Amino acid sequence: MSKADEEPLEAFSPTTASSNLLSSPSFHTSQTDAIFARRVLRKIDWRLMPIMFITYNFNFIDKVILSSAAVFGLRDDTHLVGQQYSWVSSAFYFGYLAWTYPTTLLIQRLPVGRYISINTIVWGLIVACTALRTDFKSLISVRFLLGMVESTTTPAFIFVTSMWYTRQEIPLRTGTWFAGNSFGGFVASVLAYAIGRIESSIAPWQWLFIIFGVSTGLWGMIMLFILPDSIESSRFLDKEEREHILNKVAQEGTGKTNRTTSTWKSEQVIECLIDPKTWILFGISICTQIPNSGTQNFGNLVLEGFGFTSLQTTLVGIPSSFIAFSTILITGWLAGKYDNITCYLIVIVVLAPVAGSALIYSSKVSQGVKLFAYYLLATGSGALPLSMSLMTTNYKGVTKKMTVTAILFLAYCAGNIAGPQFFKTSEAPTYSTAFRSIMICYALVIVEALGLRLYLSRMNERRRQSAEVPIITKANDSDEDITDWQSYDMLYRL
């Protein structure tokens, strides 16, 4: 009989066992490490999340104030006729499209904090200069330039999030900064109502661009001093905290994102292009953004068509912003808490817009029902951050990750370019073609999200059952920059 077997039973009583565990060095080390890890994570959250949230506020405001400007006289003062306002709306995304891929390359090569900050300053100046535009050509030009500089923000934030956080932490953080989009809608509506009451020689729509443009530029200057370029160069963390985060992200994150040691790999580009999940996410992106840009740029005009005045449209649109804001935060939290429900969450958030667009499309419902249906559209904004979190957590390899980011934002641009074109001036104020298109697009998102879940489930099952040779040549063991196809211990989040 062993010595352990000879010990009296009292030695293994619950009280004694608990006392032994609490007094053991390993318990104290584990407990201390957990407290330290939570403290560091909280420290990072309090630095990065407010910066990204506020920047995304401005990012959204500076896009959507065009809708408020439209009901405050912009179309008349700049002599827009026919579909010209639709093309002004689309021009932003032509600029976005033109610069999306080049900026993903620059994000990887330049100090990302300073790059985002300088872009923010420049886009603020462009927004302010919009107040000086007097005709269609000058207006469409400045919107194109604005799209170019704003195209950096989202892919850069995706890059920053994957740099600092693990796969488990990414969905909630993505939802948090993306919620700045919807909160920006609330801020824009309230301030647009106040600015719309200004009586001066400068038109209210011009004040919108001046005030928000200058504010954005000033915020960009502040960012230069507070947004770090990388974990290694961050000054708000000490050496031990930086090492902890670097080790944690290397072990539990989505791959190496150190711009100083990562190189552009053409084989990862090819892998991204032949990866089926890339094109399913592409479909989700384009189908969510056709409705997005249409309602962003024509929302106030649609509400005006319901019978509200120009000033009233800025107020009745506020509930939409709160609904979108709440949807993004709640679904982001759920996606982070539960590993495999993200695709289902995408389906849930687009069901309401399918119903809402169908009601608005119907000409037999009352004004009150149409306004309620308009609010139902707001939950659809939760689909994009959820799909972005799936992208961020399910792709490894710096080049592959940046390539899929560029591809998804090409889809984002294509959808946002197309969206305003479905709002035909000849169909105002009902815009029947537009709301029929919105209904179809969101219905397609349901099919795509369920298809993505089925594909990822099968991939996970295959990985559980076998350790087959990689489809792409296996990376060198010393190379930390490997892709998800080369990481056989990685299961995809659904």
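Residues numbered from 1 in each chain as written. Predicted model: local features only at pLDDT ≥ 70, side-chain atom pairs only at ≥ 80, totals over all residues. Heavy atoms only, no water.

The protein has the name MFS general substrate transporter in an unreviewed UniProt entry, where Lentinula raphanica is given as its organism. Check the Subcellular location (unreviewed entry) section of the UniProt entry for the protein; it says "Membrane". (UniProt positions renumbered as here; feature names shortened; annotations may be inferred.)

**Focus: the overall build of the protein**
Of the regular secondary structure elements, the protein holds 20 helices and zero strands. For the protein, contacts bridging at least 24 residues in sequence account for 84% of all contacts bridging at least 6. (Helix = DSSP H or I, 4+ residues; strand = E, 2+ residues; numbered from the N terminus. Contact = heavy atoms within 4.5 Å.)

**Considering the nonpolar core**
The biggest cluster of nonpolar side chains holds 129 residues, and the ones touching the most others in it are Ile44, Leu48, Trp164, Trp177 and Phe209. Ranked by residue count, the leading element in this core is helix α3 (residues 25-71), at 19 residues. If sequence neighbours within four positions are ignored, isoleucine 44 has contacts with Met49, Trp164, Tyr165, Phe236, Leu237 and Ile245. (Core = buried A, V, L, I, M, F, W, Y, C linked by side-chain atoms within 4.5 Å. Buried < 20%, exposed > 50% of the residue type's maximum accessible area, 1.4 Å probe, protein only.)

**With respect to the packing of helix α5 (residues 84-109) against helix α19 (residues 398-418)**
Taken N-terminus to C-terminus, the directions of α5 and α19 make an angle of 175°; their axes are 8 Å apart at the nearest point. When the interaxial angle is binned, α5 and α19 end up roughly antiparallel. When α5 is examined against α19, the residues Ser90, Tyr93, Phe94, Tyr96, Leu97, Thr100, Tyr101, Thr104, Ile107 and Gln108 are found in contact with a partner set consisting of Val398, Thr399, Met402, Thr403, Ala406, Phe409, Leu410, Tyr412, Cys413, Asn416 and Ile417. (Axes fitted to C-alpha atoms, helices over the stretch in contact; angles between N-to-C directions. Parallel < 35°, antiparallel > 145°, perpendicular 65-115°, else oblique.)

**What about a nonpolar patch on the surface?**
On the surface, Trp87, Phe94, Leu97, Phe144, Leu145 and Leu410 cluster together into a nonpolar patch covering about 480 Å² of accessible area. The element contributing the most residues to the nonpolar patch is α5, with three residues. Judged by its relative accessible area of 31%, leucine 410 is partly exposed. (Patch = residues over 30% accessible without salt bridge, like charges linked within 9 Å, V, L, I, M, F, W, Y side chains within 5 Å. Areas by Shrake-Rupley, 256 points an atom, 1.4 Å probe, with all protein chains shown as cover. Salt bridge = Lys/Arg side-chain N within 4 Å of Asp/Glu carboxyl O.)

**Notes on the layout of surface pockets**
Estimated volume of the second largest pocket: approximately 210 Å³. Surrounding the second largest pocket, 14 residues form its lining, Phe225, Leu227, Pro228, Asp229 and Arg235 being those nearest its centre. Only α6 (112-129) and α10 (204-226) provide two or more residues apiece to the lining of the second largest pocket. The dominant element in the lining of the second largest pocket, judged by the number of residues it contributes, is α10, at four residues. (1 Å grid on protein atoms, 1.4 Å probe; cavity = no way out; pocket = protein on both sides within 12 Å on 5 of 7 lines; lining within 4 Å. Points joined across faces, edges and corners; volume = space filled by probe spheres on them.)

**Some thoughts on the packing of aromatic side chains**
As enumerated under the stated definition, the model contains 28 aromatic pairs in all. Both rings, one in tyrosine 85 and one in phenylalanine 298, keep their centres 5.2 Å apart while their planes meet at 80°; by these two values the pair is edge-to-face. Linking tyrosine 85 in helix α5 with phenylalanine 298 in helix α13 (residues 276-305), this pair joins segments that are 213 residues apart in sequence. Across this residue pair, the class does not change: tyrosine 85 and phenylalanine 298 are buried. (Phe/Tyr/Trp six-rings, centres within 6.5 Å; stacked < 30°, edge-to-face > 60°.)

**Describing the pattern of salt bridges**
If you walk through the whole model with that rule in mind, you get twelve salt bridges. Across the salt bridge formed by glutamate 241 and lysine 43, the nearest N and O atoms sit 3.1 Å from each other. Here glutamate 241, found in helix α11 (residues 239-252), pairs with lysine 43, found in helix α3; they are 198 residues apart in sequence, far enough to count as distant. Accessibility expressed as a relative area gives 31% for lysine 43, which makes it partly exposed. For lysine 277, the salt bridge goes to aspartate 484, with nearest N and O atoms at 2.9 Å. With lysine 277 in helix α13 and aspartate 484 in the segment after α20 (432-465), the pair connects residues that are 207 residues apart, well separated along the chain. In terms of burial, lysine 277 and aspartate 484 fall into one category: buried. When salt bridges with common partners are traced through the structure, they connect Glu271, Asp275, Lys277, Lys400 and Asp484 into a single cluster.

**Regarding the environment of valine 445**
Residue position: valine 445 is located in helix α20. For valine 445, a relative accessible area of 0% translates into the label buried. Distance in space between the C-alpha atoms of valine 445 and cysteine 287 is 6.3 Å, their sequence separation being 158 residues. Here valine 445 is in contact with Ile284, Cys287, Thr288, Ile346 and Val350, once residues within four sequence places are set aside.

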